[in-house]
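# Observations on the three-dimensional arrangement
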Amino acid sequence: MIKLIASDLDGTLLQNDAQALTPRAIDLISKLCDAGIHFVSASGRQYDNQKRVFDPLKNRISFIAENGSICMHQGKVISRATINDDLAARILKEIKKQNHFEIVVSREDTCFIENNVPEFVNHIVNVMHNTTQIVDDITKVDGPILKIAICNMSDSTHIVDKYLKHLQDLFGSEIKVVTSGNIWIDFIAPGSNKGTALQNLMDLFHVKPEECVAFGDQYNDIEMLQLVGTSYAMSNAAPGISYYSTYVTDSVEDVLEDILAQVR
């Protein structure tokens, strides 16, 4: 019997750059909660942002935010991981050497960006509705830092892939560097990922892997997909993600409806 469902947001539960859940998704998740199934939002997004997305359900579900750096249940911190100040400083210094990427530095209470590219600022503040502070110099931000993310607004896969390998060569022995979308590269706090955070929730709820289902579409979802008994990669997932999953699906909502039908 399924007792826990975890889903990534962007490209997974939220399709086509959507910033809000469909009424169908809200209804299905609510009914799953009514049936005693734990639902977990597992995203690279900040905790505040996810609470807004799941506003009607925010007190009924759990949250894995910043790619696993922080895990929350009913307003309580279940786990937290941070990036060492020295490592964060070296990463930011390296990124500042080029002009193709904008930077987001995430702290538990807010995220920080610079006001360099109006399109990027608008995306973070007005499209994603992140809790945000705009600063003159992002390298001067005080920690503790949960995550560093960089974004290429030109949506050039070639640029992202090439720079990803460069960053992995430089920092891969110290921190995990992965894509979290077509235009995003994330630095995930050492020792943390969506899988480790989900394991903490599974321990809290006394749930076994075979009682869990997960959905994802990017390389920051791999550990979560591998952890659970049944996993789904999205049909439009990044190349190779389906290798780590049990099934492939076009719609999280369709699978949720099937799961709900089995518990009724």
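Residues numbered from 1 in each chain as written. Predicted model: local features only at pLDDT ≥ 70, side-chain atom pairs only at ≥ 80, totals over all residues. Heavy atoms only, no water.

This paragraph deals with the overall build of the protein. The number of helices and strands found in the protein is 8 helices and 14 strands. For the protein, whose C-alpha radius of gyration is 18 Å, the value lies close to the compact-globule estimate of 18 Å for 264 residues. C-alpha atoms of the protein, sized along the principal axes, occupy 55 × 35 × 30 Å. Here the protein holds 264 residues, and 54% of them are scored as buried. Counting only contacts in the protein whose residues sit at least 6 apart along the sequence, the fraction spanning at least 24 positions is 60%. For the protein, the computed accessible surface area is about 11,900 Å², with 47% contributed by carbon and sulfur atoms. For the protein, the distance from the average position of its 23 positive side-chain charges to the average position of its 35 negative side-chain charges is 4 Å. (Helix = DSSP H or I, 4+ residues; strand = E, 2+ residues; numbered from the N terminus. Rg over C-alpha atoms; globule rule 2.2 N^0.38 Å. Buried < 20%, exposed > 50% of the residue type's maximum accessible area, 1.4 Å probe, protein only. Contact = heavy atoms within 4.5 Å. Areas by Shrake-Rupley, 256 points an atom, 1.4 Å probe, with all protein chains shown as cover. Lys, Arg positive; Asp, Glu negative; His and termini not counted. Charge placed at Lys NZ, Arg CZ, Asp CG, Glu CD.)

With that settled, the discussion passes to the packing of aromatic side chains. For the structure on display, the rule yields 9 aromatic pairs. Seen in terms of ring centroids, phenylalanine 101 and tyrosine 163 are 4.9 Å apart; in terms of plane orientation they differ by 25°. Their pairing is stacked. Here phenylalanine 101, found in the loop between helix H3 (85–95) and strand S6 (102–106), pairs with tyrosine 163, found in helix H5 (residues 157–171); they are 62 residues apart in sequence, far enough to count as distant. Classification of tyrosine 163 as buried rests on a relative accessible area of 11%. (Phe/Tyr/Trp six-rings, centres within 6.5 Å; stacked < 30°, edge-to-face > 60°.)

In this structure, proline 144 follows glycine 143 across a cis peptide bond, with omega equal to 0°. Relative to the helices and strands, proline 144 is located in the loop between strand S8 (132–135) and strand S9 (147–151). With a phi close to 60°, asparagine 67 is a non-glycine residue in the positive phi region. Take asparagine 67: it is sitting in the loop between strand S3 (62–65) and strand S4 (70–73). The buried category is assigned to asparagine 67, whose relative accessible area is 0%.

Take the nonpolar core next. Counting residues in each nonpolar core, the largest one holds 32 residues, and the members touching the most others are Ile5, Leu13, Ile29, Phe54 and Leu256. Secondary-structure elements contributing two or more residues to this core are helix H1 (23–34), helix H2 (47–53), S3, S4, strand S12 (212–216), strand S13 (230–234) and helix H8 (252–263). Excluding its chain neighbours within four sequence positions, the residues that come into contact with isoleucine 29 are Leu13, Phe39, Phe54, Leu57, Ile61 and Leu256. Counting residues in each nonpolar core, the second largest holds 27 residues, with Leu87, Ala88, Leu167 and Ala189 among its members. (Core = buried A, V, L, I, M, F, W, Y, C linked by side-chain atoms within 4.5 Å.)

Closest axis-to-axis distance for the H1/H8 pair is 10 Å, and the angle between their directions is 30°. One finds that H1 runs roughly parallel with respect to H8. The handedness of the crossing between H1 and H8 is left-handed. Facing H1, whose interface residues are Arg24, Ala25, Leu28, Ile29, Lys31 and Leu32, H8 presents Glu253, Asp254, Leu256, Glu257, Ile259 and Leu260. (Axes fitted to C-alpha atoms, helices over the stretch in contact; angles between N-to-C directions. Parallel < 35°, antiparallel > 145°, perpendicular 65-115°, else oblique. Left-handed = near helix turned anticlockwise from the far one by under 90°.)

Once that is clear, we can look at the pattern of salt bridges. One pass over the structure, following the stated rule, counts 22 salt bridges. A salt bridge links aspartate 27 to lysine 31; its shortest N-O distance comes to 3.1 Å. Residue aspartate 27 and its partner lysine 31 are located together in helix H1, separated by 4 residues, close to a single helical turn. What makes lysine 31 partly exposed here is its relative accessible area of 33%. A salt bridge links glutamate 174 to arginine 90; its shortest N-O distance comes to 2.6 Å. Taken together, the positions of glutamate 174 in the loop between H5 and strand S10 (176–181) and arginine 90 in helix H3 put the pair 84 residues apart, joining distant regions of the chain. By relative accessible area, glutamate 174 is classed as partly exposed at 34%. (Salt bridge = Lys/Arg side-chain N within 4 Å of Asp/Glu carboxyl O.)

Before going further, it helps to examine the side chain of glutamate 211. Residue position: glutamate 211 is located in the loop between helix H6 (194–205) and S12. If sequence neighbours within four positions are ignored, glutamate 211 has contacts with Met1, Ile2, Lys3, Leu4 and His206.

This brings us to the environment of isoleucine 134. Structurally, isoleucine 134 is set in strand S8. Note: C-alpha distance between isoleucine 134 and asparagine 115 (19 residues apart in sequence) is 6.4 Å.

The next subject is the domain arrangement of the protein. Here the protein is described as being made up of domain 1 (2–78 + 190–261) and domain 2 (83–186). For domain 1 and domain 2, the distance between their C-alpha centroids amounts to 23 Å. With 17 residues of domain 1 in contact, the opposing surface of domain 2 contributes 22 residues. Interface area for domain 1 against domain 2, summed over the two sides, is near 1,600 Å², with a carbon-plus-sulfur share of 44%. For the domain 1 face of the interface with domain 2, the top three residues by lost area are Gln46, Glu66 and Pro190, together amounting to 29%. Counting across the domain 1 and domain 2 interface gives 2 salt bridges. Notably, a salt bridge pairs glutamate 223 with lysine 176, separated by 1.9 Å at the nearest N-O pair. The residue inventory of the side of domain 1 that touches domain 2, partitioned by class, reads 4 nonpolar, 8 polar and 5 charged. (Domains from an automatic or database assignment. Buried area = accessible area lost by both parts, 1.4 Å probe. Nonpolar A, V, L, I, M, F, W, Y, C, P; charged D, E, K, R; others polar.)

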